[in-house]
Amino acid sequence: MILTTTFVCFCLASAFNYFRTRRQRLRITNLKGPFTWPLLGSMHKLLFLKPKNFFKRSAEYLAKYGTLSRCWAFHRLFLPLADLELARQILESEKHLETGSELMRDWLGDGVLMCQQDKWQHRHALISGLFRKENMDPLMELCRQQAEQVQQKLMEQADGSVLNAWKIVYPSILDLIVRTTCGFSPSEDYAKNLVDLTEIYRKRFLSLQSANRFSYWLSSPFMRRRQNKLIKKLNAEHKDLINRYRQDQQLKMKTSEGLVVDHSKPLPPQWHESLLQILLKNQDQELSDEEICAELNTCNYLGFLLCSSALSFALVSIARNPSVQQKCLEELRQAQIKDQACNLEKLPYLEAVVQETLRLYPPQVIVGRQLKHDFSYTHSVVGDAELPFGAEIYINLYELQRNESRYAKANHFQGDRFLDSPPELLSFSLGPRSCPARMFSIKLMKTLLAPTLTNFELLPYGNELRLDLRLVLGSSNGFQLALKPR
């Protein structure tokens, strides 16, 4: 009786799921994909997908089903994509801007990464204001100060022994990003909370426990409790800083009127305008404290994790390519002889090396879009058709930028690839939702790499990279190299 009831319920659920997704199925008949079981879909393809085997399984999947395919998981339609022709149409669309990312909703809230389409343009404009021309010079000075501290840390370990570049890079990047967004150098507690919270989400990525909110709530109560506790701590510090900024503005107004006010907790001195100040000065659409916290959390998370990953890969790539390192050194010495200092604008080869690193090792491997409307497209291989609303598109930048038909010797590191006729770089995405910090990120990396290459020889010691995907591109065995003072 129990088996019969179970079978009947399964058949009814399968039938309901089929009719629920029938419209979507009719619009993707031109797409290949793995076998779809009743109700379960192609869960067998996702069940054993882990951070360490992601790239192997991804390459096998693309080889079998093509660069545009479909994959069902219960009622959800996934469209893995590694085709530049279609990726460009989707990313450049003004109508389809929803990222569909729900994993980090509790932390990043309604920030620029996950806010609704009607809010996104305004938030993007506010963040872009942080990198306006008059604010870039103070930000670059901040980067130079951080580069000096990095050099001191590197000097302590420049004895020819193998080190993990990530452990040196990420604390400095975290400090720099928080000073850029919040206007203060993070305390030890703040930095630890940010790192610990990031690590929780990295563990949750590609985990069946985090397939949805209910399964995470049910299977990981202690991790969920710790996650929420860390979010509260970070937001408490943000709200305290927001109140201090507002009190500071009131103090200035009262002082101008001749009133004396005791201000016992002054703000930290700074030379640049922080993102927090820009958000508080915004008059067009006044943001709530929760929305401001969401933007600070989003920018701190993205800036810290993505820049740390990119810089670590750059150091290892340069160490593993001696000819590239030598050309960088020659360019730096010429720039110093002429200007007595490294002018970032006069380091085209180093910038090309940074871009080549980002091509081979894009920190943000997957760019997502969730369709709220049908998407009509044209394609030279699969023809003209529509992708149905509700579909979740996952663009694989790693595979896309290693396509041999688009990039000559795509899997080889070529430092001069982006010099004369630079190919398209998708690591910062394309279209209206592209990264507003693109130029700042490249300049940040150049600022930190220039003195490192001038002062140290990067040696290709240690084990090769073992790529894994835990929110961002990383290496399961660290970023191993050695240093020798020049």
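As a starting point, this report considers the structure included with it. (Residues numbered from 1 in each chain as written. Predicted model: local features only at pLDDT ≥ 70, side-chain atom pairs only at ≥ 80, totals over all residues. Heavy atoms only, no water.)

Take the packing of helix 14 (residues 289-319) against helix 18 (residues 438-455) next. Two elements in contact, helix 14 and helix 18, have axes separated by 11 Å at closest approach and are oriented at 40 degrees. Comparing the axis directions of helix 14 and helix 18 gives the class oblique. Once helix 14 is placed against helix 18, the crossing between them reads as right-handed. Two secondary-structure elements touch here, helix 14 through C307, A310, L311, A314, L315 and I318 and helix 18 through S441, M445, L448, L449, T452 and L453. Its residues assigned to classes, the contact of helix 14 with helix 18 shows ten nonpolar, two polar and no charged. (Axes fitted to C-alpha atoms, helices over the stretch in contact; angles between N-to-C directions. Helix = DSSP H or I, 4+ residues; strand = E, 2+ residues; numbered from the N terminus. Parallel < 35°, antiparallel > 145°, perpendicular 65-115°, else oblique. Left-handed = near helix turned anticlockwise from the far one by under 90°. Contact = heavy atoms within 4.5 Å. Nonpolar A, V, L, I, M, F, W, Y, C, P; charged D, E, K, R; others polar.)

Attention now goes to helix 10 (residues 188-204). Residue pairs three or four apart in sequence face the same way in an α-helix, which turns once every 3.6 residues. The end-to-end C-alpha distance of helix 10, which contains 17 residues, comes to 24 Å, matching closely the 24 Å that a straight helix rising 1.5 Å per residue would cover. Where helix 10 ends, the next residue or the one after it, L206, has phi of about 60 degrees, a positive value. (Expected span 1.5 Å × (residues − 1).)

Quick look at the nonpolar core now. Within the largest apolar cluster, 110 residues are counted, with the highest numbers of intra-cluster contacts made by M104 and W107. With 16 residues, helix 14 is the single largest residue contributor to this core. Apart from the residues lying within four places of it in its own chain, the contact partners of M104 are G109, M114, Y201, Y301 and L471. Core analysis: the second largest hydrophobic core is formed by 24 residues, L79, L86, I90 and L397 among them. (Core = buried A, V, L, I, M, F, W, Y, C linked by side-chain atoms within 4.5 Å. Buried < 20%, exposed > 50% of the residue type's maximum accessible area, 1.4 Å probe, protein only.)

Moving on: the packing of helix 8 (residues 133-156) against helix 18. Interhelical geometry of helix 8 versus helix 18 gives an angle of 35 degrees and a closest axis separation of 9 Å. Considering how the two elements wind past one another, helix 8 and helix 18 form a crossing that is right-handed. On the side of helix 8, the interface is formed by M136, L139, M140, C143, R144, Q146, A147, V150, Q151 and L154, while helix 18 contributes F440, K443, L444, T447, L448, P451, T452 and N455. For the contact of helix 8 with helix 18, a count of residues per class yields eleven nonpolar, five polar and two charged.

One open sheet accounts for four strands, arranged 1-2-7-4; its pairing is mixed. With partners counted over all chains shown, the strands left at the sheet margins are strand 1 (71-73) and strand 4 (366-370), one partner each. Between one strand and the next, the sheet's axes are offset by a mean angle of 25 degrees, whatever the strand orientation. Sheet analysis places strand 2 (residues 76-81) next to strand 7 (residues 392-396), joined by four bridges and oriented parallel. Residue pairing in the sheet places F78 in a bridge with E392 of strand 7. (Pairing = 2+ DSSP bridges.)

This paragraph deals with a nonpolar patch on the surface. Taken together, the side chains of F35, W37, L40 and F74 make up a nonpolar region of the molecular surface, amounting to roughly 430 Å² of accessible area. Tracing the chain through its elements places W37 in the loop between helix 2 (22-26) and helix 3 (43-46). (Patch = residues over 30% accessible without salt bridge, like charges linked within 9 Å, V, L, I, M, F, W, Y side chains within 5 Å. Areas by Shrake-Rupley, 256 points an atom, 1.4 Å probe, with all protein chains shown as cover. Salt bridge = Lys/Arg side-chain N within 4 Å of Asp/Glu carboxyl O.)

Looking now at the sheet that holds strand 8 (residues 456-459). A sheet is described by the order of its strands in space; here three strands give the open sequence 3-11-8, paired in antiparallel fashion. The sheet is open, and its two edges are formed by strand 3 (163-164) and strand 8, each paired on a single side. Bridge analysis of strand 3 against strand 11 (residues 480-485) gives two bridges, and the strand direction is antiparallel. Residue pairing in the sheet places L163 in a bridge with L481 of strand 11. Contacts from helix 18 reach strand 8 and strand 11 within the one sheet, and its direction differs from that of strand 8 by about 90 degrees.

This part takes up the environment of V112. Turning to its location among the elements, V112 is positioned in the loop between helix 6 (105-108) and helix 7 (117-129). Apart from residues no more than four positions distant in its own chain, V112 is found in contact with W120, R123, H124, I127, E295, T298 and R433.

The next thing to look at is the pattern of salt bridges. Going through the model one piece at a time under the given rule, you end up with 25 salt bridges. D240 is the salt-bridge partner of R244, the closest N and O atoms lying 3.9 Å from each other. In this pair, R244 and D240 both sit in helix 12 (residues 221-256), four residues apart, roughly one turn of the helix. You can call R244 buried: its relative accessible area is 15%. With a relative accessible area of 33%, D240 lands in the partly exposed category. Shared partners join several salt bridges into a network, and the residues in it are D110, K119, R123, E291 and E295.

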